[in-house]
Amino acid sequence: MLACLSAGLTQGKQPVQGPVRKTCDSGIVLKLSSATTSQGSLLLAEISGAKPAQEFSAVWDDRPIPVWRETPASPTLHALLGVDLEKPAGRYEWKITWSAADGKPFACSLPVTVRAGKFPTERLTVEKQFVQPDPEQQKRVEEDQKKMKAIYDTVTPEVLWKGKFIVPLKGVSTGGNFGRRRVLNGEARSPHAGVDFPAAAGTPVYAAQSGKVVLAENLYYSGNTVVIDHGFGIYTLYAHLSEIGVQAGDPVEASAEIGKVGATGRVTGPHLHWGLTIDHARVNALQIVQRQP
Ligand SMILES: [Zn+2]
């Protein structure tokens, strides 16, 4: 009896866990894979009860995000909500707007609670020359950042993926370091936005999913890097490769070899760094293997 009561009290303080749904005007139903999530996570979102060809606008993180149908006649639309690994903990909303056949506007939303992620912090003291790129290197870093921004600003309005996302190394299912904060000489650096897989140099790296290669070149921090566009704002990134086996513009199939593990860029040893970006949100890439869009 006491146990039940205390469990009830505890639950009252916790945000709702698990999937949520809400019935909105004109029979539209919104669903989210969870009402509670944490920094660096991914939520599956669904709009059902739509008429064929009925259009919806979705907003997440103050930005419009794409919604798509599996077939043009499907009454269900899908979206992925990426929770950036630095999005402040708090309460947010996934907002949807649409118009009825007579043009009457409607709006509906579902609340999402974002909790702080549990990320380790590493404090290091190193000589300044290893922390600060010189002016020439800094120029390269800025050019790299511009390139990446232009890529992530582009939303290809097409599903380029087919079936499941896979881990880009054979026989590997877990990786580490996602979200790790690093404080160098007392100064906080950007958090580590990818998953690191230790692997021997030369190990083949495979495309996690089909798509189009949008970058295949050497960048200052990430070394030989490949970025694949999977459509609708979903991008995967593969860094520190010893060799790149594809070119920008190439279409790739899931599991196609795109390069080999290496230690290029600013690294201490060979490993694969795998990143996932969804509508600009940096998300733990392993989550898209577990939660397929
Ligand atoms: Zn890394």
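Here the structure is shown first, and the text comes after it.
Residues numbered from 1 in each chain as written. Predicted model: local features only at pLDDT ≥ 70, side-chain atom pairs only at ≥ 80, totals over all residues. Heavy atoms only, no water.

(A) Local environment of the overall build of the protein. Looking only at helices and strands, one finds four helices and 22 strands in the protein. Over its C-alpha atoms the protein spans a radius of gyration of 21 Å, differing by no more than 12% from the 19 Å that the globule rule assigns to 293 residues. Relative to its full complement of 293 residues, the protein shows a buried share of 45%. In the protein, 65% of the contacts between residues at least 6 apart in sequence involve partners at least 24 apart. When the accessible surface of the protein is split by element, carbon and sulfur atoms take 54% of a total near 15,200 Å². Across the protein, the centroid of the 32 positively charged side chains sits 7 Å from that of the 28 negatively charged ones. (Helix = DSSP H or I, 4+ residues; strand = E, 2+ residues; numbered from the N terminus. Rg over C-alpha atoms; globule rule 2.2 N^0.38 Å. Buried < 20%, exposed > 50% of the residue type's maximum accessible area, 1.4 Å probe, protein only. Contact = heavy atoms within 4.5 Å. Areas by Shrake-Rupley, 256 points an atom, 1.4 Å probe, with all protein chains shown as cover. Lys, Arg positive; Asp, Glu negative; His and termini not counted. Charge placed at Lys NZ, Arg CZ, Asp CG, Glu CD.)

(B) Focus on the sheet that holds strand β14 (residues 204–206). Taken together, the three strands give an open sheet; going across it, the order is β14-β20-β18, and neighbouring strands pair in antiparallel fashion. If you trace the sheet from one side to the other, it starts and ends with β14 and β18 (243–244), each paired once. Bridge count for β14 against strand β20 (residues 257–260) is three bridges, and the pairing is antiparallel. When the sheet's bridge partners are listed, Val 205 is paired in β20 with Gly 259. (Pairing = 2+ DSSP bridges.)

(C) Seen up close, empty space enclosed by the protein. Counted under the stated rule, the structure contains one cavity of 30 Å³ or more. Empty space within the largest cavity amounts to approximately 40 Å³. Taken together, Trp 60, Asp 61, Arg 63, Ile 65, Gly 82, Ile 278, Asp 279 and Ala 281 make up the lining of the largest cavity. (1 Å grid on protein atoms, 1.4 Å probe; cavity = no way out; pocket = protein on both sides within 12 Å on 5 of 7 lines; lining within 4 Å. Points joined across faces, edges and corners; volume = space filled by probe spheres on them.)

(D) Spotlight on the environment of Glu 136. In this structure, Glu 136 sits in helix α3 (residues 135–152). Accessibility expressed as a relative area gives 67% for Glu 136, which makes it exposed. As a C-alpha pair, Glu 136 and Gly 49 span 87 residues in sequence and 55 Å in three-dimensional space.

Keep in mind these values describe shape, not function.
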